[in-house]
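Take a look at the letters that make up each chain.
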Amino acid sequence: MPDPAWSTIFVFIILLINLVGVGLYGEMEYWFALIKILIVIVFIIIALCVTTGSLGEGVIGFKYWTNPGAFVGGGLGTINVLLAAGFSFMGTEIVGITAAEAKNPTKTVPRAIRNTFWRIIFFYITTIFLLGMCLPFDNPDLANEGGDPGTASFTLVFGLAGIEVGAHVINAVILLSVLSAANSSLYTCSRTLMGLARDGNAPKFMGKLNRYGAPYIAVISSSVIGFVCVFASIYSASVAFVWFLSITAVSGFISWWGIAVVHLRFRRAFKAQGRDMDDLPFKAFGYPYSAIIAIILTVFITFGQGYISFTPKFDALTFVTSYIGLVPVCLWYIGYKVFKKSKLIPLLDVDFETGRVTRLDVEEDNLEDEKRTLFRRIFAWIV
């Protein structure tokens, strides 16, 4: 069966999962996360054995950092890959969107935010570091002859260890990871549309719910993008991937920029109205410096990643590919300003009462949290 046919089947299955409601979505993501975490832990152990020579052909250590070398292309080369690297981190902001449908949000959301930070450090940074030790950047299996993505790097490390069966398991887990990403992306997009509809910033029918409590019109509308990607891959999977990667990655960085800006204004408005910061169930680490750094980095990466279109001479196609993600954002923002004639809300007029968590909500969540056994608390922290 051709790849687009498989992709269509998987997109349809994910569509059905999101139409059933948040319960099935949460259950699927729970087991997806558990499988991914377990396999990453196994990979870290195997990669350590490979680079130290316990498995494979001998000690590798930091050999590949000098030959063929690390940070290929210097600073400009690093900037060139920041967009793709950032794309791998997209989705961490979903914890804020799930708050509306989370159980015990005053407890589960802060816990999820803290866990996300440590998972990034342990699972993302550690695995990338070990991959850089085990594999040189010019490994011929990392890319096909046409420059398309080749064998997954995780699979190559298991191959170096001589665990061929493990390589097949890794391929299966990668497939599950892709499905998990698609599942969470569809959830995020549909809930965002529903939120916009309820706030009067999108057509009202996008907020309609089915009997399972899922915004079915928003889910179906969001899934259209998935089917478009499938049909585009029939023409050229590699070309479609580059274009959609650029659009989604740039949009993701703009979203992070917006989150950081809103965070600054939120805290400024909260203080301007004379409210007590202790009333906040969660306070971000490093405020305001973390938000300011996020704003600077997102702007730098968004506009700096397309420098290759200007050197050694201007390339119009590369320029459009690099910055195409800015077009829909600008069109939507300007269009909204023109039709809604909205203005920046003064800090003293910012609404903190609608949907506010009360002390009673906090106390109820505390009681619910205390009912959990020690095993379930540990398990929830890991997953």
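Here the structure is a predicted model, which is why all the values come from computation and not from measurement. (Residues numbered from 1 in each chain as written. Predicted model: local features only at pLDDT ≥ 70, side-chain atom pairs only at ≥ 80, totals over all residues. Heavy atoms only, no water.)

A. Local environment of the overall build of the chain. Within the chain, the regular secondary structure consists of 15 helices and 0 strands. Expressed as a percentage of its 383 residues, the buried residues of the chain come to 30%. When contacts within the chain are restricted to residue pairs at least 6 apart in sequence, those whose partners lie at least 24 apart make up 69%. Carbon together with sulfur atoms contributes 70% to the accessible area of the chain, which is approximately 23400 Å² in total. (Helix = DSSP H or I, 4+ residues; strand = E, 2+ residues; numbered from the N terminus. Buried < 20%, exposed > 50% of the residue type's maximum accessible area, 1.4 Å probe, protein only. Contact = heavy atoms within 4.5 Å. Areas by Shrake-Rupley, 256 points an atom, 1.4 Å probe, with all protein chains shown as cover.)

B. Up close: the side chain of Asn-18. Within the fold, Asn-18 resides in helix α1 (residues 3-20). Of note is the side chain of Asn-18, whose polar atom sits 2.9 Å from the backbone oxygen of Ile-14. Within the local environment of Asn-18, its side chain forms a polar contact with the side chain of Asn-183, the two groups lying 2.9 Å apart. If we skip the residues at most four places from it in the chain, Asn-18 touches Tyr-25, Asn-183, Leu-186, Tyr-187, Arg-191, Ala-214 and Val-219. (Polar contact = N/O pair within 3.5 Å; in protein donor to acceptor, adjacent residues only side chain to side chain.)

C. Region of the structure containing the nonpolar core. One finds Phe-43, Val-50 and Val-157 to be the most contacted residues of the largest nonpolar core, which totals 24 residues. For this core, the secondary-structure elements that each account for two or more residues are α2 (22-52), α6 (105-134), α7 (153-160) and α8 (164-198). Looking at this core, the element that brings in the most residues is α2, giving 8 residues. Apart from the residues within four sequence positions on either side, Phe-43 is in contact with Thr-127, Leu-131, Phe-154, Val-157 and Phe-158. Counting residues in hydrophobic clusters, the runner-up holds 10 residues, among them Leu-83, Met-90, Phe-253 and Leu-326. (Core = buried A, V, L, I, M, F, W, Y, C linked by side-chain atoms within 4.5 Å.)

D. Molecular detail of a nonpolar patch on the surface. The grouping of Phe-117, Trp-118, Ile-121, Tyr-124 and Ile-125 at the surface amounts to a nonpolar patch, some 500 Å² of accessible area in total. Its place among the elements puts Phe-117 in helix α6. (Patch = residues over 30% accessible without salt bridge, like charges linked within 9 Å, V, L, I, M, F, W, Y side chains within 5 Å. Salt bridge = Lys/Arg side-chain N within 4 Å of Asp/Glu carboxyl O.)

E. Focus on the packing of aromatic side chains. Taken as a whole and judged by the stated rule, the model has 13 aromatic pairs. Between the aromatic rings of Trp-6 and Phe-10, the centroid separation amounts to 6.1 Å while the plane-to-plane angle is 25 degrees, which identifies the pairing as stacked. Here Trp-6 and its partner Phe-10 are both found in helix α1, 4 residues apart, which amounts to about one turn of the helix. You can call Phe-10 partly exposed: its relative accessible area is 23%. (Phe/Tyr/Trp six-rings, centres within 6.5 Å; stacked < 30°, edge-to-face > 60°.)

F. The arrangement of the packing of α8 against helix α9 (residues 216-235) in detail. Taken N-terminus to C-terminus, the directions of α8 and α9 make an angle of 125 degrees; their axes are 8 Å apart at the nearest point. Here α8 is positioned oblique relative to α9, judged by the angle of their axes. When the axes of α8 and α9 are compared, the crossing they make is right-handed. Contact residues: α8 offers Leu-186, Cys-189, Ser-190, Arg-191 and Leu-193, while α9 offers Ala-218, Val-219, Ser-222 and Ser-223. (Axes fitted to C-alpha atoms, helices over the stretch in contact; angles between N-to-C directions. Parallel < 35°, antiparallel > 145°, perpendicular 65-115°, else oblique. Left-handed = near helix turned anticlockwise from the far one by under 90°.)

G. How the structure looks around the environment of Ile-46. Along the chain, Ile-46 turns up in helix α2. Among the residues examined, Ile-46 registers a relative accessible area of 11% and is labelled buried. The contacts of Ile-46, once residues within four sequence positions are left out, are Leu-55, Phe-158, Ala-161 and Ile-163.

H. Structural context of the side chain of Ser-322. Residue placement: Ser-322 occurs in helix α12 (residues 316-323). Exposure remark for Ser-322: the relative accessible area of 7% places this residue in the buried category. Engagement of the side chain of Ser-322 in a polar contact is seen with the backbone oxygen of Thr-318, the distance being 2.8 Å.

I. Spatial organisation of helix α13 (residues 326-340). Between its first and last C-alpha, α13 extends 21 Å over 15 residues, near the 21 Å set by a 1.5 Å rise per residue. Remark: Lys-341 follows α13 within two positions and exhibits a positive phi of approximately 50 degrees. (Expected span 1.5 Å × (residues − 1).)

J. Region of the structure containing the environment of His-263. As for its placement among the helices and strands, His-263 is situated in helix α10 (residues 237-272). The sequence separation of His-263 and Ala-291 amounts to 28 residues, and the corresponding C-alpha distance is 7.2 Å.

K. Layout of unusual backbone geometry. The residue after Asn-67, namely Pro-68, is reached through a cis peptide bond having omega 10 degrees. Turning to its location among the elements, Pro-68 is positioned in helix α3 (residues 63-69). Looking along the chain, the bond that leaves Tyr-287 and enters Pro-288 is cis, with omega of 0 degrees. Within the fold, Pro-288 resides in the loop between α10 and α11 (289-304). Phi is positive for Lys-341, which is not a glycine, with a value near 50 degrees. Mapped onto the elements of the fold, Lys-341 is located in the loop between α13 and α14 (359-370). Judged by relative accessible area, Lys-341 falls into the exposed class, the value being 64%.

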